[in-house]
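Structural features, examined
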Amino acid sequence: MEMRASRRERILVIEDDAAMARLLRVLLEGVGYEVRAERSGAVALTEVADTPPDLVILDLGLPDMNGYEVCRQLRQRFNPWSLPILIFTGMDKPVDQLRGFAFGADAYLTKPCDPGELLKTVALLLGHTDAEFSGSPD
Ligand code: CA
């Protein structure tokens, strides 16, 4: 894959499924992002306060907290344009998606998802244009 992030943007993956977290890490690091993964909502919220990432990818079914609640708390602390939140979940009902947006998510993708679509959504949320993303790195 030729796509490269123009700088090392940091993505926090909040995901309790180890295999899925690993897959996201490989995919995102492969195009130049820096990735941290947390399986606990509470730990992730603490981490966000200490070191705010550039984007959050959030699973809804977490062992310690409801992902919607994590989303709500993130949105209380950060404006949508300062921290994009992408919900990435197996919950595929329209009402789940609407709830995600109501709780402050910027985008909602359901598993399984085409890797290209996921990368494109992440790039758009980070404000990359197609030109920036398909061109050579700075
Ligand atoms: Ca989960």
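Note that the structure is predicted; figures quoted are calculated from it, not measured.

1. Brief notes about the packing of aromatic side chains
Scanning all chains against the criterion turns up 1 aromatic pair. Pairing Tyr68 with Phe103 gives two aromatic rings, centres 5.5 Å apart and planes at 40 degrees, and the pair type is tilted. In this pair, Tyr68 sits in helix 3 (residues 67-77) while Phe103 sits in the loop between helix 4 (94-102) and strand 5 (107-110), placing the two residues 35 residues apart along the sequence. For Phe103, a relative accessible area of 28% corresponds to the partly exposed category. In this structure, Lys111 packs its charged tip against the face of Phe88, placed 5.6 Å from the ring centre.

2. What about the confidence of the model for the chain?
Of the residues in the chain, 88% reach a pLDDT of 70 or more, and the chain-wide mean stands at 90. Under a pLDDT of 50 for its full length, residues 134-138 has, in the predicted model, 2 contacts with residues more than four places off or in other chains.

3. A few points about the packing of helix 1 (residues 18-30) against helix 5 (residues 115-125)
Interaxial distance between helix 1 and helix 5 falls to 11 Å at its minimum, and their mutual angle equals 65 degrees. Pair helix 1 / helix 5 crosses with right-handed handedness. On helix 5, the residues touching Leu24, Leu27 and Leu28 of helix 1 are Pro115, Leu118, Leu119 and Val122. Across the contact of helix 1 with helix 5, the residue classes tally to 7 nonpolar, no polar and no charged.

4. So, the sheet that holds strand 4 (residues 85-89)
Across a sheet, strands are paired by hydrogen bonds formed along the backbone, either parallel or antiparallel in direction. With parallel pairing, the 5 strands of this open sheet are ordered in space as 2-1-3-4-5. Here the strands that pair on one side only, and so sit at the sheet edges, are strand 2 (34-38) and strand 5. The mean inter-strand angle of the sheet, taken between neighbouring strand axes irrespective of direction, is 20 degrees. Pairing between strand 4 and strand 5: 4 bridges, direction parallel.

Criteria and cut-off values
- Residues numbered from 1 in each chain as written.
- Predicted model: local features only at pLDDT ≥ 70, side-chain atom pairs only at ≥ 80, totals over all residues.
- Heavy atoms only, no water.
- Phe/Tyr/Trp six-rings, centres within 6.5 Å; stacked < 30°, edge-to-face > 60°.
- Helix = DSSP H or I, 4+ residues; strand = E, 2+ residues; numbered from the N terminus.
- Buried < 20%, exposed > 50% of the residue type's maximum accessible area, 1.4 Å probe, protein only.
- Lys NZ or Arg CZ within 6 Å of the ring centre and 35° of its normal.
- pLDDT = per-residue confidence, 0-100.
- Contact = heavy atoms within 4.5 Å.
- Axes fitted to C-alpha atoms, helices over the stretch in contact; angles between N-to-C directions.
- Left-handed = near helix turned anticlockwise from the far one by under 90°.
- Nonpolar A, V, L, I, M, F, W, Y, C, P; charged D, E, K, R; others polar.
- Pairing = 2+ DSSP bridges.

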